[in-house]
Amino acid sequence: MYYSSGNYEAFARPKKPEGIEHKSAYFIGTGLAALSAGCFLVRDAQMPGKNIHFFERDPIAGGACDGWNYPEIGYVMRGGREMDNHFEVMWDLFRSIPSIETDGVSVLDEYYWLNKEDPNYSLCRVTEHQGQNAHTDGKFNLSDKASRQLTKLIFTPDEDLEEKRITDVLDDEVLGSDFWTYWRTMFAFYNCNSALEMKRYMQRFIHHIDGLPDLRALRFTKYNQYESMILPMVRYLEAHGVQFHFNTQVMNVDFDIHDDIKIAKRIELYTAGQKDYLDLTEDDYLFITNGSNVENSSIGGQDQVCEYHKEIRPGGSFDLWRKIAEKDSSFGHPEKFYGNPEECNWMGVTVNTLDGKILPYIKNICQRDPLSGKVVTGGIVTARDSGWLLSWTINRQPQFHSQPKDQCLVWLYGLYTDRPGDYIKKKMRDCTGKEICMEWLYHLGVPTDQIEQLAANSAKTIPVMMPFASAYFMPRTAGDRPEVVPDGAVNFAFIGNFAEVPRDTVFTTEYSIRTAMVAVYTLMNVDRGVPEVWGSIYDIRDLLKAAVSMRDGRPLTDMKLGFKEKIALSKLLSAIKGTDIEKLLKEYGVI
C-alpha cells in the first residue's frame, strides 16, 4: 500500500489482484468503515460479492451513522456528520456508489449539485440571554498570546503531545475566547481531551480556519446520514451479491501468533441464542471494527430518562477489542478510550416539532424558514451561557423520506450532562425528553409561561445518552490505537476511528473510509495509491491565510513586539522588499 496525490491515480482502475476469486472477506460490524471496505473490495479488489460476509449484531446496518424512525419512540438521530471538500478518500468512494433517488448519477453527483446550489453558511453561530444573538460577528477574539499558543501547538511534534491534555498546552487566553466556543462545540472537545488530537485537527483543517465562525466550510447530505450514505452503500453491495448476517454477534477472535506472524484463525459467533465458530484460512480475510463511540448508547423518550451505562458490556465492540488486545501488544489499548466516560460522554437529542408554534422562535435566530427545504441553521448554534453547553442544528428538511412535510427535526446536544440546567434545574442526564426540550426552548427565547405547554404538545423529544461519544479524543500515546494492518498481520485488519492512520483526524467520515481503503489495498495488494491526506498544512498560502484569520484580519506586523523583535522584523521587511515574497505577504494581509 502506498499514498498518492493528483488525478493520475485518482482516475485509474487497478488491475484485478491475482487469485482474488479464491479469497473471502468477513466483517465484524456494518458501520461506515466496514461498508466502505466492502465497496472497495468489490470495486477495486474485484472480489466476487458472494465471497463477502458482514456480521452485524443489530437488525440493520449503519453503526454510528444512524437515522431511524423507531416504532412507538419516534425519529432518532444520535448525531450528524459534517463533511469537507477535501475528504479525498470519501469522494473517491462515493463517485462510484449509485444514487438511490436519481437514476444514472452517483451519490457524489447529487451531493455536489445540492451543496453547489444551496451552499452552507450560518447567520447566527452563538446565542446568549435566552436566544439573543451573541454578535460574535465572525471574530475569534484571540489575543496575541493566544495566537502564539495555537501556533506553537500546530507545530509541536506528535510525540511531545502524547498523553497531554488540551489544558496542558493552552490556558484561558485561548479557552476563554470565541475561537474556543466555536471549536469545542463544533468538534465536541472537552478541555481535558487530547492536545494531540486537537493539533491534528488544526493541521488537517488549516485551510478552513477562516470558515470556522460561520461554518461556510461545511457540507451536508440531503437527508439523515443513514438514508443518504449508508443505504446507498448497502444497496450497492447487495446488488453485487454481498451477504449480510444480521442479529449475529462476534464474541471473540482467535489468532495464531508466532515468529512475528499473526494470523486470524477462528471467529466465535453468537446468533439466535446459539454459539458457533467460523474457521479461517490465510485466504479468509477478517476486518475488525474495534470499538465504537455509540457503544452503550441508551434511548430515552418524551417522558423517559436515558439510562447511563458506564461499564462496557459483554459482547460489545469495546469488550471484543479488549479480548483481542489481550493477545498481542500491537492490537492496541482500548481501556485508554473507554476507561473514563465522565470525560467523553454527551447526549444527543432529536426534537420533532409537531406543529408550527416553535418555528417562529427558530426562525428568529437562524433567520431562515425551517421548512424551506434549503439550509436552515447552517451548522450548530451554541447557547454559550447554557449550563449544559447546549448546541443545536437544523439541516435541510425533511431529514427523513417518511417525515411529514409540515414538521421539523432538530438535533441538539449537550457536552455537560453532569451539570444543572438554567431553566430545568437538573442534570441533563437526569432529564426526560420533554424536560430537555423545555431547557432548549428557554435558550431559544420562548416566554417562560409557554415553555412547558410547547414542550408537551408541540414537540416530541427523544434523548440518547452516549457514554463514549468523544472517546476518540481521550489522551493517548503511540500504539494505543492499533495500526490498520499491524506488523506481521497476514489476513486481518482493524478499521474505523479506533485504528491508526497518519495525519488524518478521527471522528470524521473521511477517517473511517480511509482506514477501509488502507485495509483493503494492503491486504489485497491493490495496485493503486490511497489518496494522501489533503496537504494544506504544507501550503504557505493556507498558513498565511490562517495566521491572519486567527487574528481577525489584523496583519502580523501589528503584533506587540519587543525591541529586538522589531529590529528583526525591520530587517526582514527590508530584505524582501520588491520581491514576490513581499507581494505574497501583502496579498494575504500578513503585512
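Every chain is numbered independently, its residues counted from 1 as its sequence is written. Per-residue local features of the predicted model are confined to residues with pLDDT of at least 70, and side-chain atom pairs are confined, for both listing and counting, to 80 or more; whole-chain, interface and lining totals are unaffected and use all residues. To obtain the side-chain values, all non-hydrogen atoms of the structure were used and water was disregarded.

Going by an unreviewed UniProt entry, the chain carries the name Oleate hydratase and comes from Butyrivibrio fibrisolvens.

**Quick word on the pattern of salt bridges**
When a carboxyl oxygen of Asp or Glu is within 4 Å of a side-chain nitrogen of Lys or Arg, the pair counts as a salt bridge. Here the structure, examined in full by the defined rule, presents 41 salt bridges. A salt bridge links arginine 216 to aspartate 214; its shortest N-O distance comes to 3.1 Å. Residue aspartate 214 is classed as partly exposed on the basis of its relative accessible area, which comes to 23%. Any residue under 20% of the maximum accessible area for its type is buried, any over 50% is exposed, and the rest in between are partly exposed; the area is computed with a 1.4 Å probe on protein chains only.

**Points about the sheet that holds strand S3 (residues 52-55)**
At least two bridges found by DSSP between two strands is the condition for calling them paired. Only runs of H or I of at least four residues qualify as helices and only runs of E of at least two qualify as strands under DSSP, and these elements are numbered from the N terminus. Spatially, five strands are ordered S8-S3-S2-S12-S19 in an open sheet, and the strand pairing comes out parallel. Both edges of this open sheet fall to strand S8 (243-245) and strand S19 (492-495), since each of them pairs with a single strand only. Geometrically, the sheet is characterised by an average inter-axis angle of 20° between neighbouring strands, direction not taken into account. In this sheet, S8 lies alongside S3 in parallel orientation, the contact comprising three bridges. Across the sheet, residue histidine 53 finds its bridge partner in S8, namely glutamine 243. In what follows, a contact means two residues having at least one pair of non-hydrogen atoms within 4.5 Å. Note on geometry: axes are C-alpha line fits, over the in-contact stretch for helices, and angles between N-to-C directions span 0 to 180 degrees. Strands strand S2 (24-28), S3, S8, strand S12 (284-289) and S19 of the sheet are contacted by helix H2 (residues 32-43), whose axis makes an angle of about 175° with S3. Contacting S12 and S19, helix H16 (residues 509-523) runs over the sheet at an angle of about 170° to S19.

**Focus on the packing of aromatic side chains**
In this scheme Phe, Tyr and Trp rings, the latter by its six-membered ring, pair at centre separations within 6.5 Å, and the angle between planes marks the pair as stacked below 30 degrees, edge-to-face above 60, and tilted otherwise. Inspection of every chain in the model, using the stated rule, returns 43 aromatic pairs. Think of it as a cone above the ring: NZ of Lys or CZ of Arg counts as a charge over the ring if it is within 6 Å of the ring centre and within 35 degrees of the ring normal. The ring centre of tyrosine 277 lies 4.0 Å from the NZ or CZ of arginine 266, which sits over that ring. Taking the ring centre of tyrosine 416 as reference, the NZ or CZ of arginine 419 above it sits at 3.5 Å.

**Brief notes about the packing of helix H8 (residues 178-187) against helix H9 (residues 195-204)**
Two measures define how a pair of helices packs: the angle their axes make with one another and the distance between the axes. Between H8 and H9, whose axes approach to 13 Å, the crossing angle comes to 100°. Considering the angle they form, H8 stands roughly perpendicular to H9. Contacts between H8 and H9 involve Phe179, Trp180, Trp183 and Phe187 from the former and Met198, Tyr201 and Met202 from the latter. Residues were grouped as follows: Ala, Val, Leu, Ile, Met, Phe, Trp, Tyr, Cys and Pro as nonpolar; Asp, Glu, Lys and Arg as charged; and all remaining residues, including Gly, as polar. Looking at the contact of H8 with H9, its residues break down into seven nonpolar, no polar and no charged. Here the word oblique covers every angle except those under 35 degrees (roughly parallel), over 145 (roughly antiparallel) and from 65 to 115 (roughly perpendicular).

**Observations regarding the domain arrangement of the chain**
Where each domain begins and ends follows an automated or database-derived domain assignment. As far as domains go, the chain holds domain 1 (18-67 + 81-101 + 222-340 + 477-526), domain 2 (120-127 + 346-466), domain 3 (140-211) and domain 4 (558-590). If you average the C-alpha positions of domain 1 and of domain 3, the two centres end up 30 Å apart. In this complex, domain 1 contributes 20 residues to the contact, which on the side of domain 3 involves eleven residues. Across the contact surface, domain 1 and domain 3 share four salt bridges. Polar contact is defined as a pair of N or O atoms within 3.5 Å, subject to the rule that within protein one atom must be able to donate a hydrogen and the other to accept it, and that residues adjacent in sequence are counted only when both atoms are side-chain atoms. Here domain 1 is connected to domain 3 by twelve residue pairs in polar contact (both at pLDDT 80 or more).

**Re unusual backbone geometry**
Cis geometry is adopted by the peptide bond preceding proline 398, which originates at glutamine 397 and carries an omega value of 0°. Even without glycine at this site, histidine 129 takes up a positive phi of about 55°. Secondary-structure assignment places histidine 129 in the loop between strand S6 (126-128) and strand S7 (132-133). Assessed through its relative accessible area of 56%, histidine 129 is described here as exposed. Phi at alanine 188 takes a positive value of approximately 65°, unusual for a residue other than glycine.

**Regarding helix H10 (residues 225-239)**
Expected span of a helix: the number of residues minus one, times 1.5 Å. The end-to-end C-alpha distance of H10 is 21 Å, a good match for the 21 Å that 15 residues give at a rise of 1.5 Å each. Take the seven residues that end at a residue and the seven that start at it, fit an axis to each, and the angle between those axes is the bend at that residue. For H10, the principal kink sits at leucine 231 and spans about 30°; a proline, proline 232, occurs within the next four residues. Counting buried residues in H10 gives twelve out of 15 residues, a clear majority hidden from the surface. Every buried residue of H10 is accounted for by Gln225, Tyr226, Glu227, Ser228, Met229, Ile230, Leu231, Pro232, Met233, Val234, Tyr236 and Leu237.

**What to know about the nonpolar core**
Throughout this description, the term nonpolar core refers to a set of buried Ala, Val, Leu, Ile, Met, Phe, Trp, Tyr and Cys residues connected via side-chain atoms within 4.5 Å. Residues Trp183, Met198, Phe287 and Met524 are the most contacted members of the largest nonpolar core, which totals 146 residues. When sequence neighbours within four positions are dropped, the list of residues in contact with phenylalanine 287 reads Ala25, Tyr26, Phe27, Ile28, Leu41, Ala493, Ile495, Ala519, Val520, Leu523 and Met524. Within the second largest apolar cluster, 35 residues are counted, among which are Ile365, Leu390, Met428 and Ala459.

**Some words on the sheet that holds strand S17 (residues 408-414)**
Pairing in this open sheet of eight strands is mixed, and the strands run S7-S6-S15-S16-S17-S14-S18-S13 from one edge to the other. Each edge of the open sheet is held by one strand with a lone partner, namely S7 and strand S13 (298-299). With seven bridges joining them, strand S14 (residues 346-353) and S17 adopt antiparallel strand pairing. When the bridges of S17 are listed, valine 351 appears paired with valine 410.

**What about the packing of helix H14 (residues 433-444) against helix H15 (residues 448-457)?**
Contact geometry of H14 with H15 gives a least axis separation of 9 Å together with a crossing angle of 140°. In terms of orientation, H14 and H15 fall into the oblique class. Between H14 and H15 lies a crossing of right-handed hand. Mapping the contact onto sequence places Lys434, Cys437, Met438, Leu441 and Tyr442 in H14 and Thr448, Ile451, Glu452, Leu454, Ala455 and Ala456 in H15. In terms of residue class, the contact of H14 with H15 is made up of eight nonpolar, one polar and two charged. Each crossing gets its handedness from the near helix: less than a right angle anticlockwise from the far helix is left-handed, clockwise is right-handed.

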